[in-house]
Amino acid sequence: MKKAFAKSIHTALKNQNLAGILDRWNYPDARAKAYEGIDFEALRTQIAEIKGSASNHLNELAESFKRVAEANGAKVFHAHSPHEAKDYITNLCKTKGVKKIVKSKSIASEEIHLNKHLIKEGIQTDETDLGEWIVQLANQTPSHFVMPALHLTKEEISGLFSKEVNKPLSNDIQQLVKVARKELREKFFDADMGISGANIAIAETGTLVIVTNEGNARLVATLPKIHVAIVGLEKLVPKYSDMVPILMALPKSATSQLMTSSVSMITGPTPNDDGTLKDFHIILMDNKRTEMAKDVKFKQALQCIRCGSCLNVCPVYRLVGGHVFGHIYNGGIGTILTAWFHELKATEDIQGLCIGCGKCKEVCPGKIDIPELILELRRRLALKQGLPFIYKSALSVINNRRLFHTMLRAASIAQKPFAKDGFIRHLPMFLSGLSEYRSLPTIAPLPFREMFKKIKQPKSKTKVAFFSGCAIEFVFPKIGEAVVKILNKAGIEVLFPEAQSCCGIPHWGSGAFDMAALAAAHNIKPLLESDVEHVVTACATCATALKKEWPHVLKDEKMETLIPAAEILAAKTVMFSELVNRLIKEKRLVAKDGQTLQRLTYHDSCHAKRHVGVYKEPREALIAVGYEMKEMSENDTCCGMGGSYTVKQPKLSMKMLERKLKNIGDTGVDYVSAECPGCLIQLAGGLDKKKSKIKAKHPAELMQDKFK
Amino acid sequence: MYDMFKVKAEAVGSEVHRFGTKADSLNFLVSLLKREEIKDAPGFYAVWAECPIFQGSEVKNLTKTVPGLKFDVTRQLAKDSKIGVTQAAWGLANTGTIVQSSFAVEQRLASSLPWIHVALLNTGNIIADLAALTAKVHPKKNDYTALITGPSRTADIERVLAIGVHGPERLIIICIDEMGR
């Protein structure tokens, strides 16, 4: 991580305006209300299909758009580079004697730094979208697609406006808005040219659809005699009817409105009030979009409708805001777009901000798998530049079971001076950051594979194999013991295939897909060796590997011969809570009579909820044995652990943890449970450091001894 | 259809009124112009873009009772007006949207520059939603179609809602039944 980048995160974390604003907005609830009665999955599938198939034919669509729009009377220019787009506009300005320009929002114009270019050419260029104007006055870039000035307070904005109008102004938002109206109204009337973007470009009819709440795009398209629209090629759709699903989703996802206040559908030049016809230009801009469309993985990023919902739900974005992303586009999708429209290298640091929690993927109306694409960026960066030596060697150690084992055993002895009650609360010197907000767990004196040998199990025909994963093996062997004992109660015998090792998710998450594939290859055979009914894991992260990612990563790494076995394994793998809940329903596990147990809240780990889709089962099982469930706010928001994220981005990780701990604390429960040892390390460590009475426990620990 | 339209339009800050006859709606409109102190002075004009519902003399005579009402909509007059009157072509019930055929510059000026936009709407032209609209209105025949849903708004400062940032502060929709279909 570069120093400048670390500093920008540090600065961003000091300014929590944005987090406060996002909290007051309560986007998730407002969004849900806007989508009431609408089948979001069906709607976004439709959008993904329309835009996905459009991206296969961007050049053809651009050509047919051009043909139709020109027949309607517009002039259409297909610009391949930012340079061409900028030259077209400056030449037009020179030919027509344009001195003043008003703009409504166009992210495509930001992408090519158009304002800077025009001002350098001596042309006065004013943004008219309130947020964009504020950002322009502040000499900054937008921090959000939809709300560019979200990071500034009314006090700061009042200061900017006061300077602009040369008189002191109050901090009253309504009055500030009126000041902007008055100032900008004159600019609209004085301008020779209006520049806008467009949200949709319809090839069939040559129509641009422009969406604004303020109504400034209508003025930009009406008052000056020249209108230039800059449109990224990804805005093209084939048919008129394709507009409907996009316009249904955009306002709801962007601002939780049913419909944006002003939508203009412009198909050709319209009259000015002196009887002349508008000089109407449309620039269709490529800037690597067609190149992106040819990339099997990244093509889907062209399905983005720029609603910004991925930013609104991102636990990292709410902490750091938009500016740490460096370029024009912010957040996860911004990282992806920057890698293409700018350069891959520019994302070297910012790709590391994504914790991979998957919240954005849930709400994306373009159905883009943003975390997967970030991971793909990480993989390509790792291929190109290699992983930093220290990570690479750490990851190699994990893959080498014997060496890992030996090192951890050594660590379990070396940690003794720092350990107390199973926690490390203070670490010396440069490691102290890791235990500043959260105690660290100690390495267990006896790893699970040793403990397992001592468990006396009844013999049974029904057998399952247990995949412990590193965390249960070395940190929480007691969870493994609880799993075995509970399954024994149901008459199931548990096998522990000795040759198993790390599931490879840490490697995968670091972009080292080759090492992840090796981890898969190493594990598949031993896990399938005995004829077992299921492979059970009590770790959501391992479940993500076994149930979902191994076949994909083997395919990516051209190890296809192993895929059939990986698929058999995926079908056999269950999470512990999934199996237990089923056993309870089948009455193969029966809770002891009359148990009234403690109050409990459940934290959904990102892997369990969004990767493998297990979140109902642990709740049902825990309630069935007698626990009283009390849901916390944001129960499926990331706790900040994210595997190695907590080491690479400790400050962000801790901020996420603080919020999670507050939500847990607010429920007033006795336990918080999660079926993910990683989350448990984070939660238990945070609770310990805060001296909280609440304990973080795995469902297996909470259910041990609770069955007849 | 009307009831849903009214609920959704009011939810985004529009004011919705319904009249059985053209005469009643015109009376309401005149009283509105008077209440808003429309007069023949910059800042207090009302611009009236062509509304097919009312023909020629029906409205032209109104200038006698409401001086300051202008029928020649120019950019300067629209800028100096408090009220702009237009006729909407369609209403969309499920979002409370009015749909304007905006090819004529007068329609755009009168609906976007004054503080108050009064839109006349045939109650019978309220249809279900955007999908229904695409079956009625085709871009080939309409070079500029505007969908207007409530007054001009922004939440660009601290996510606090502010009305009337560039366009109208108030959108008053007058639905008239008499016109039939």
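Owing to the predicted nature of the structure, the values given are computational and were not obtained by experimental measurement.

Split by domain assignment, chain A resolves into domain 1 (57–290) and domain 2 (448–703). Distance from the C-alpha centre of domain 1 of chain A to the C-alpha centre of domain 2 of chain A: 49 Å.

All names here are of chain B. Strand order in this open sheet of six strands is β1-β12-β7-β4-β2-β3, and the pairing throughout is parallel. The open sheet is flanked by β1 (15–19) and β3 (69–70), the only strands paired with a single partner. In this sheet, strand β4 (residues 81–87) lies alongside strand β2 (residues 45–48) in parallel orientation, the contact comprising four bridges. Opposite Val 47, over in β4, you have Gly 84 as the bridge partner. Across the face of the sheet, helix α1 (residues 2–11) comes into contact with β1 and β12 (170–176) while running at roughly 155° to β1. Running at roughly 135° to β4, helix α6 (residues 105–112) makes contact with β2, β4 and β7 (116–122) of the sheet.

Glancing now at the confidence of the model for chain B. Mean pLDDT over chain B: 94, with 99% of residues reaching 70 or higher. Complex prediction metrics read pTM 0.91 and ipTM 0.97.

Let's shift gears to the packing of helix α10 (residues 154–165) of chain A against helix α11 (residues 173–190) of chain A. The relative placement of two packed helices is expressed as an angle between their axes plus a distance between the axes. Residue and element names in this part refer to chain A. Viewed as axis vectors pointing N to C, α10 and α11 meet at an angle of 35°, and their least axial separation amounts to 11 Å. In this structure, α10 crosses over α11, and the sense of that crossing is left-handed. Taking contact as the criterion, the partners of Lys 154, Ile 157, Ser 158, Phe 161, Glu 164 and Val 165 in α10 are, on α11, Ile 173, Leu 176, Val 179 and Glu 183. Its residues placed into classes, the contact of α10 with α11 shows six nonpolar, one polar and three charged.

Here we take up the interface of chain A and chain B. Interface extent is often summarised as the accessible area lost during association of the parts. Contact with chain A, which involves 50 residues of that partner, is made by 39 residues of chain B. Among the elements of the structure, α2 (17–25), α9 (130–137), α10, α11, α12 (216–222), α13 (243–255) and β9 (262–266) of chain A are those that each provide at least two residues to the side of chain A that touches chain B. The leading source of residues in the side of chain A that touches chain B is α11 of chain A, at eight residues. Among the residues forming the side of chain A that touches chain B, the class breakdown is 25 nonpolar, 19 polar and six charged.

Let's shift gears to helix α4 (residues 40–54) of chain A. Residue and element names in this part refer to chain A. Along its 15 residues, α4 runs 21 Å from first to last C-alpha, staying within 8% of the 21 Å computed at 1.5 Å per residue. Three or more residues of α4 are buried, namely Leu 43, Arg 44, Ile 47, Ile 50, Lys 51 and Ala 54. Axial view of α4: buried residues confined to an arc of 125°, hence all on one face. Turned more than 90 degrees away from the buried face of α4 sit Glu 41, Ala 42 and Ser 53, all of them exposed.

The strands that make up a sheet pair up through hydrogen bonds in the backbone, lying either parallel or antiparallel. Strand order in the open sheet formed by eight strands is β8(A)-β5(A)-β6(A)-β9(A)-β9(B)-β6(B)-β5(B)-β8(B), and the pairing between neighbours is mixed. Looking at the sheet topology across the chains shown, the edges are occupied by β8 (236–237) of chain A together with β8 (126–127) of chain B. Pairing analysis gives five bridges linking β9 of chain A to strand β9 (residues 144–148) of chain B, with the strands arranged antiparallel. The residue of β9 of chain B that forms the bridge with Ser 264 of chain A is Ala 146 of chain B.

Rules of the game
- Residues numbered from 1 in each chain as written.
- Chains lettered and ligands numbered in written order.
- Predicted model: local features only at pLDDT ≥ 70, side-chain atom pairs only at ≥ 80, totals over all residues.
- Domains from an automatic or database assignment.
- Pairing = 2+ DSSP bridges.
- Helix = DSSP H or I, 4+ residues; strand = E, 2+ residues; numbered from the N terminus.
- Contact = placed C-beta atoms within 7 Å.
- Axes fitted to C-alpha atoms, helices over the stretch in contact; angles between N-to-C directions.
- pLDDT = per-residue confidence, 0-100.
- Left-handed = near helix turned anticlockwise from the far one by under 90°.
- Nonpolar A, V, L, I, M, F, W, Y, C, P; charged D, E, K, R; others polar.
- Expected span 1.5 Å × (residues − 1).
- Buried ≥ 20, exposed ≤ 12 C-beta atoms within 10 Å, placed from the backbone.
- Arc of directions from axis to C-beta.

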